[in-house]
Amino acid sequence: MTGTTSAKPGELQVAIAGLGSIGTKIATALDQGIDGLTLSAVAVRDPAKHQDFIGGLRHPPKILPIDQLGEVADLVVECAPSHQLRAIVEPAVKRGKAAVVVSVGGLLDNFDLVDLARANGGRILVPTGALIGLDAVNAASIGTIHSVRMVTRKPVDGLKGAPFIVQNNIDIDNLREPLKLFEGSAREAAKGFPANVNVAVALSLAGIGPDRTQIQVWADPTVTRNVHRIEVEADSARFSMGIENIPSENPKTGLITALSVIALLKKQRATLCVGT
Ligand SMILES: NC(=O)C1=CN([C@@H]2O[C@H](COP(=O)(O)OP(=O)(O)OC[C@H]3O[C@@H](n4cnc5c(N)ncnc54)[C@H](O)[C@@H]3O)[C@@H](O)[C@H]2O)C=CC1
Ligand SMILES: O=C([O-])CC(=O)C(=O)O
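Residues numbered from 1 in each chain as written. Chains lettered and ligands numbered in written order. Predicted model: local features only at pLDDT ≥ 70, side-chain atom pairs only at ≥ 80, totals over all residues. Heavy atoms only, no water.

Asker: Run through the site of ligand 1, naming residues and quoting values.
Answerer: As a matter of local geometry, ligand 1 sits amid 24 residues, with Ser21, Ser103, Ala130, Asn250 and Thr253 nearest to it. Relative to its unbound accessible surface of 860 Å², ligand 1 loses 87% to contact with the protein. Where the shell around ligand 1 is concerned, the elements lending two or more residues are helix 1 (21-32) and helix 9 (198-206). Shared between two domains, the shell around ligand 1 holds at least three residues of each, these being domain 1 (12-130 + 257-267) and domain 2 (134-249). (Near = heavy atom within 4 Å. Areas by Shrake-Rupley, 256 points an atom, 1.4 Å probe, with all protein chains shown as cover. Helix = DSSP H or I, 4+ residues; strand = E, 2+ residues; numbered from the N terminus. Domains from an automatic or database assignment.)

Asker: So what's going on with the sheet that holds strand 1 (residues 12-17)? Residues and values would help.
Answerer: Within a sheet, adjacent strands bond to each other through the backbone by hydrogen bonds, running parallel or antiparallel. Sheet architecture is open: six strands sit in the order 3-2-1-4-5-6, paired in parallel fashion. One side of each edge strand has no neighbouring strand; the edge strands of this open sheet are strand 3 (62-63) and strand 6 (123-125). Sheet analysis places strand 4 (residues 75-78) next to strand 5 (residues 98-101), joined by four bridges and oriented parallel. Across the sheet, the residue bridging to Leu75 is Ala98, located in strand 5. Contacting strand 2 (37-43), strand 4, strand 5 and strand 6, helix 10 (residues 256-267) runs over the sheet at an angle of about 170 degrees to strand 4. (Pairing = 2+ DSSP bridges. Contact = heavy atoms within 4.5 Å. Axes fitted to C-alpha atoms, helices over the stretch in contact; angles between N-to-C directions.)

Asker: If you had to explain the nonpolar core to someone new, which residues and values would you point to?
Answerer: In this structure, Leu181 and Phe193 are the most contacted members of the largest nonpolar core, which totals 46 residues. Element by element, the count of residues in this core is highest for helix 9, at six residues. Residues in contact with Phe193, not counting those within four places in the same chain, are Leu159, Ala162, Phe164, Ile165, Leu181, Phe182 and Val217. Judged by nonpolar contacts, the second largest core, of 29 residues, contains Ile22, Ile26, Leu30 and Val261. (Core = buried A, V, L, I, M, F, W, Y, C linked by side-chain atoms within 4.5 Å. Buried < 20%, exposed > 50% of the residue type's maximum accessible area, 1.4 Å probe, protein only.)

Asker: I'd love a proper account of the site of ligand 2, names of residues and values included.
Answerer: Around ligand 2 there are 13 residues in total, and Lys154, Asn198, His228, Lys252 and Gly254 lie nearest to it. Lys154 is positioned such that a nitrogen or oxygen atom in its side chain is 2.8 Å from an oxygen atom of ligand 2. At 3.2 Å from an oxygen atom of ligand 2 is found a side-chain nitrogen or oxygen belonging to Asn245. Isolated, ligand 2 exposes 270 Å² of accessible area, and the fraction of that covered by the protein chains is 95%. Taken together, the elements giving at least two residues each to the shell around ligand 2 come down to helix 9 and strand 10 (226-234). Across the shell around ligand 2, the residue classes break down as four nonpolar, seven polar and two charged. (Polar contact = N/O pair within 3.5 Å; in protein donor to acceptor, adjacent residues only side chain to side chain. Nonpolar A, V, L, I, M, F, W, Y, C, P; charged D, E, K, R; others polar.)

Rendered as structure tokens:
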């Protein structure tokens, strides 16, 4: 299917993989206009389901198979389930293009993509996403970070179906008080909760890595938001950060995640950039 993108010379061509909770908001923002950027293509699993949305855009993009986005765009935004990460990112970075990765937990098992990007002049950009303060963690990591600890609390609906819960036969449906499900490294958490703790992996990559970043995951029937609290101890500063995310139509995903990607896209061609 071919769209009618209004590509202007010199504009950064952007493609989006996955039009779910995050992808539709990014597509809408690009269609409404981000300086210097054009939405040129999208990949969807079921084109019929997205026909009205895509047709309703002012400049409907092309619909392409997920692994062809890197051929047509300068920058591919991955916002599909994490098992599609490689199919989206590899074709882009091996052509020297950039990929924005939101399913960042999936990057841990595909870390050779970073080497592939490096070898071909490509880039992998991880937005702050549903988290806060990766600028401060990046800055502290120029010095020495001693520890990073994170506690995530989610409403029960936001955790249902997580592999860790299923494999351990944990019944969270009838919880009356908070239950600590997991405590360990960000790497292990990403395996057990692939759709829940991308934030912990982003935090770890900004700081001391997935093996030294510690996280607790709680199922909490007393909260209505996805709550993340972080404590960082470094030789330059000690800081505590917290964010209480309003879930989107996907209860696992905070509303701010798409906004974080849109903010990152705006920085690609901005004259004034604030924050690292
Ligand atoms: N980095 C962060 O802070 C955060 C990351 N995430 C992650 O972002 C990703 C996207 O999240 P949501 O938009 O909430 O998920 P979603 O489930 O709402 O959307 C995913 C979309 O990908 C589509 N899709 C699946 N297979 C596809 C294929 N082969 N080709 C094209 N499209 C395909 C699905 O049909 C769906 O529309 C997830 O991996 C999620 O875990 C979510 C929240 C925070
Ligand atoms: O939206 C959130 O609060 C965080 C989230 O789902 C993730 O990190 O995957």
